[in-house]
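Chain and residue survey
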Amino acid sequence: MIELLGSALMQRALLAALLVGATAPIIGTYLVQRRLALLGDGIGHIALTGVAAGWLAGALAGLATPEALALPGAVAVAVLGAVGIEWVRAKGRITGDVAMAILFYGGIAGGVLLIKIAGGTSASLMTYLFGSIATVSVSDLLWTTALAGLVLTVSFGLRGPLFAVSHDEEFAKASGLPVQLFASVLAALAALTVTVSMRVVGLLLVSALMIVPVAIAQTITKSFSSTMAIASAIGAAVSVVGLSITYWHDLPPGATIVVLAIGLYAAGSLFQRFRRQPTPNTDPHPDLDDDVTVRDTTTPFQEPPP
Amino acid sequence: MALAVPDSQPAKARDFLGPVFRAEEVGVVLSGQQILFGVTFDVDPGEVVALLGANGSGKSTMVRAALGVIPMSSGTVSAFGSPLGVGTDWSRIGYVPQRMPASTGIPTTACEVVRAGMLSAGRLRTGSRRQAIAALEVMGMADRASQPVQQMSGGQQQRVLIARALIREPDLLFLDEPTSGIDLSTVETLVDTIDVMRRAGTAVVVVLHETEPFEGLIDRAIVLRHGRVVHDGPPPPARAAHALPGHVHGHPHAGPRRWRDRLGLAIGDQE
């Protein structure tokens, strides 16, 4: 264990995993409530186009390492794409799932196409698809910390309106809240989370870290706020534990973290099945008077005397 | 805790003396189909207006257009004397939709839903837990404040939605079929509450199918048919059959009079 914490590389990786694991489910809770659980995945796909576009821009600018612009490219394209989805959805021209499907396919195709033009190969995209936490640099860690700070500040500072927009959009509109603005803020936060987390779990799996901890938490919680808090704790725990496992065993970190989370979800669901016995025959509403008097059917019916 | 109904209107409702709400020549087109055709009506402070009409006559559409939820193709709506928009004091407008949005699986307590009722264009902070419980208390749901709404029946969810509108103590309240799916005693509670509110100067627009429980409380009825106002005036009798000769008016009217006398219900004590 001391050996694990002794390596500077592993320290950075663990810290990055902890931050991403704790923040991603916070955004994920809003997304699930808003029925946009797959938005993170859609953003992940379009971020690939952003990575390739950044790469292309770097190559065109004649940079020694064209890859340097991959992360800024991913952030810019993902934020634009996510806010674009919200905008298209609000216009009502297309349903959310069709908009996301188009984003999925367009994102992958655009990424593969642009990376070829930029002089790279599809293999160049692999580190972004599946993450490369083992090579987290100091600047990566700073970016991740800044993002975590931003996500936490906005999602707690605006938790009232973000909850209202996610829970009941029509009521939020009728309250005069600028729904489109808050929906765009949420989409942009999701895009930032995805792109900055891609170093940890990779673009294909970052969405899982946003959604699966929420799915685990909601089986045991009773409120929105506790779901968010517990999901964040679960996300942090599976990220750190998953990453630690890969220190001793040669396994891909992103996949290990996600499989661990899904395993936890399966175990939690099974546990719920056994725990949740139907309650015995009690009045579920002791505070309410019975509105209709029903004949007691347990005592045998007596024929009235003729 | 009893609320002494003030004789005069509260200060914030008093500074504007014209109609609290005005719809002028409102037209709405949804998916290429015209739903409303030039609907015009006013609502005065303290007035309870029933919006009646068959299914598809445009009642809910009118309410949603009045709140800016759906866009209008023509006409204007104004609240408190100014057109609905950025200048509107949204904190004074309350809304009870027909039903709770379908569950997404994330548990959400009644308290959390009601606290969100305090949000408006000018206020991004939710109401306090104490305020939410006071509003739930009015609808007899305070003891279920920490229960997830997903575990509640449709009628209980409806009561939570009403509490969410009450928490902001609106001066203009829209209710879209608030009585659907709720039992008689809850309807009585709602009628009592609306009565307290209108006496405090709140204007109420309520979409109804069955006016009977609200009889005596409704000052005016607006009847929509195919998106046009066909009647704006005294409320029609509860059911056409009641007016027919030979109909024996046998059932006792538990009566708004009695409801009104019984008012010990408080919606205040949140200050």
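1. Points about the overall build of chain A
Along chain A, the regular secondary structure elements total 13 helices and zero strands. Overall, chain A shows an N-to-C arrangement of helices and strands of α-α-α-α-α-α-α-α-α-α-α-α-α. In chain A, buried positions account for 48% of the 306 residues. A separation threshold of at least 6 residues defines the contact pool for chain A, and within that pool the share at least 24 residues apart is 75%. As displayed, chain A offers around 15,000 Å² of accessible surface, 69% of which is attributable to carbon and sulfur atoms.

2. Description of the sheet that holds strand 7 (residues 172-176) of chain B
Residue and element names in this part refer to chain B. Spatial strand order, 6-7-8-3-9-10: six strands in an open sheet with mixed pairing. Single-partner strands in this sheet number two, and they are strand 6 (93-96) and strand 10 (228-233). Here the strands of the sheet are splayed against their neighbours by 15 degrees on average, with no regard to which way each runs. The pairing of strand 7 with strand 8 (residues 203-207) spans five bridges and is classified as parallel. Looking at the pairing, Leu-172 lines up with Ala-203 of strand 8. The strands that helix 2 (residues 59-66) touches are strand 3 (48-52), strand 6, strand 7, strand 8 and strand 9 (220-225); relative to strand 3, the one it contacts most, it runs at about 130 degrees. Running at roughly 175 degrees to strand 6, helix 5 (residues 154-166) makes contact with strand 6 and strand 7 of the sheet.

3. Remarks on the packing of aromatic side chains
Scanning the model with the defined rule gives five aromatic pairs over all chains in all. Look at Tyr-247 of chain A and Trp-248 of chain A: their rings are 5.5 Å apart centre to centre, the planes differ by 90 degrees, and that puts the pair in the edge-to-face class. Trp-248 of chain A sits in the partly exposed class, given a relative accessible area of 45%. Ring geometry for Phe-21 of chain B versus Phe-174 of chain B: centroids 5.3 Å apart, planes at 85 degrees, classification edge-to-face. Note that Phe-21 of chain B is positioned in strand 1 (residues 21-30) and Phe-174 of chain B in strand 7, a separation of 153 residues in sequence. Across the pair, Phe-174 of chain B and Phe-21 of chain B agree in class, each one buried. An aromatic cluster is present here, built from Tyr-30, Phe-163 and Phe-224 of chain A joined pairwise through their rings. The side chain of Arg-92 of chain B reaches across the aromatic face of Phe-80 of chain B, ending 3.8 Å from its centre. Above the face of the Phe-171 of chain A ring, Arg-164 of chain B is positioned so that its terminal group lies 3.5 Å from the ring centre.

4. Looking at the interface of chain A and chain B
With 31 residues of chain A at the interface, the matching set in chain B holds 34 residues. When the two sides are added together, the surface that chain A and chain B hide from each other amounts to roughly 2,700 Å², 58% of it contributed by carbon and sulfur. Across the chain A-chain B interface, the total number found is two salt bridges. With a shortest N-O distance of 3.1 Å, Asp-168 of chain A and Arg-164 of chain B are connected by a salt bridge. At the boundary of chain A with chain B, the tally comes to 12 residue pairs in polar contact (both at pLDDT 80 or more). Of all the secondary structure elements, the ones that give two or more residues to the side of chain A that touches chain B are helix 2 (8-33), helix 8 (159-167), helix 9 (169-174) and helix 12 (224-248) of chain A.

5. Observations regarding the environment of Cys-111 of chain B
Residues and elements named next belong to chain B. Among the structural elements, Cys-111 can be located in helix 3 (residues 110-115). The exposure class assigned to Cys-111 is buried, which follows from its relative accessible area of 2%. The spatial distance from the C-alpha of Cys-111 to the C-alpha of Ala-145 is 4.9 Å, given a sequence separation of 34 residues. In this structure, Cys-111 is in contact with Arg-129, Ala-132, Leu-136 and Ala-145, ignoring residues within four places of it in sequence.

6. Things to note about the packing of helix 3 (residues 39-60) of chain A against helix 6 (residues 122-130) of chain A
Helix packing geometry: the angle between the two helix axes and the distance between the axes. All names here are of chain A. Taken N-terminus to C-terminus, the directions of helix 3 and helix 6 make an angle of 135 degrees; their axes are 10 Å apart at the nearest point. One element, helix 3, and the other, helix 6, form an angle in the oblique class. For helix 3 against helix 6, the interelement crossing comes out right-handed. Within the contact between the two elements, helix 3 uses Leu-48, Val-51 and Trp-55 and helix 6 uses Ser-124, Leu-125, Tyr-128 and Leu-129. Here the residues of the contact of helix 3 with helix 6 are counted per class, giving six nonpolar, one polar and no charged.

7. Remarks on the sheet that holds strand 2 (residues 33-43) of chain B
Residues and elements named next belong to chain B. On the basis of which strands lie adjacent, the open sheet formed by four strands has the order 2-1-4-5 and antiparallel pairing. Only two strands of the sheet have a single partner each, and these edge strands are strand 2 and strand 5 (82-83). In this sheet, strand 5 lies alongside strand 4 (residues 74-79) in antiparallel orientation, the contact comprising two bridges. Paired with Ala-79 across the strands is Ser-82, a residue of strand 5. Contacting strand 1, strand 2 and strand 4, helix 2 crosses the sheet at an angle of about 115 degrees to strand 1.

8. A few points about helix 5 of chain B
All names here are of chain B. Helix length check: helix 5 (13 residues) gives 19 Å between terminal C-alpha atoms against 18 Å at 1.5 Å per residue, within 8%. When you tally the buried positions in helix 5, you get 12 out of 13 residues, the bulk of the element. Inspection of helix 5 places Gly-155, Gln-156, Gln-157, Gln-158, Arg-159, Val-160, Leu-161, Ile-162, Ala-163, Arg-164, Ala-165 and Leu-166 among the buried residues, and these make up the whole buried set.

9. Describing the side chain of Gln-158 of chain B
Residues and elements named next belong to chain B. Considering the arrangement of structural elements, one finds Gln-158 in helix 5. Judged by relative accessible area, which is 3%, Gln-158 ranks as buried. When residues no more than four places from it in sequence are discounted, the contact partners of Gln-158 are Val-96, Pro-97, Gln-98, Arg-99, Glu-177, Pro-178, Ser-180 and Ile-182.

10. Here we look at the confidence of the model for chain B
All names here are of chain B. For chain B, the average pLDDT comes to 82, and 81% of its residues sit at 70 or higher. Scored below 50 in pLDDT, residues 1-14 makes 25 contacts in the model with residues more than four places away or belonging to other chains. Between residues 246-271, whose pLDDT stays under 50, and residues either more than four places distant or in other chains, the model counts 54 contacts.

11. Looking at the nonpolar core
In terms of nonpolar packing, the biggest core is built from 86 residues, with Leu-31, Leu-39, Ile-43, Val-51 and Met-210 of chain A touching the most fellow members. Not counting residues within four places of it along the chain, the set of residues in contact with Met-210 of chain A comprises Ala-24, Pro-25, Ile-27, Gly-28, Leu-31, Gly-40, Ala-190, Thr-193 and Val-194 of chain A. If you look at the next biggest cluster of nonpolar residues, it comprises 42 residues, including Met-118, Ala-132, Ala-165 and Leu-217 of chain B.

Definitions and cut-offs
- Residues numbered from 1 in each chain as written.
- Chains lettered and ligands numbered in written order.
- Predicted model: local features only at pLDDT ≥ 70, side-chain atom pairs only at ≥ 80, totals over all residues.
- Heavy atoms only, no water.
- Helix = DSSP H or I, 4+ residues; strand = E, 2+ residues; numbered from the N terminus.
- Buried < 20%, exposed > 50% of the residue type's maximum accessible area, 1.4 Å probe, protein only.
- Contact = heavy atoms within 4.5 Å.
- Areas by Shrake-Rupley, 256 points an atom, 1.4 Å probe, with all protein chains shown as cover.
- Pairing = 2+ DSSP bridges.
- Axes fitted to C-alpha atoms, helices over the stretch in contact; angles between N-to-C directions.
- Phe/Tyr/Trp six-rings, centres within 6.5 Å; stacked < 30°, edge-to-face > 60°.
- Lys NZ or Arg CZ within 6 Å of the ring centre and 35° of its normal.
- Buried area = accessible area lost by both parts, 1.4 Å probe.
- Salt bridge = Lys/Arg side-chain N within 4 Å of Asp/Glu carboxyl O.
- Polar contact = N/O pair within 3.5 Å; in protein donor to acceptor, adjacent residues only side chain to side chain.
- Parallel < 35°, antiparallel > 145°, perpendicular 65-115°, else oblique.
- Left-handed = near helix turned anticlockwise from the far one by under 90°.
- Nonpolar A, V, L, I, M, F, W, Y, C, P; charged D, E, K, R; others polar.
- Expected span 1.5 Å × (residues − 1).
- pLDDT = per-residue confidence, 0-100.
- Core = buried A, V, L, I, M, F, W, Y, C linked by side-chain atoms within 4.5 Å.

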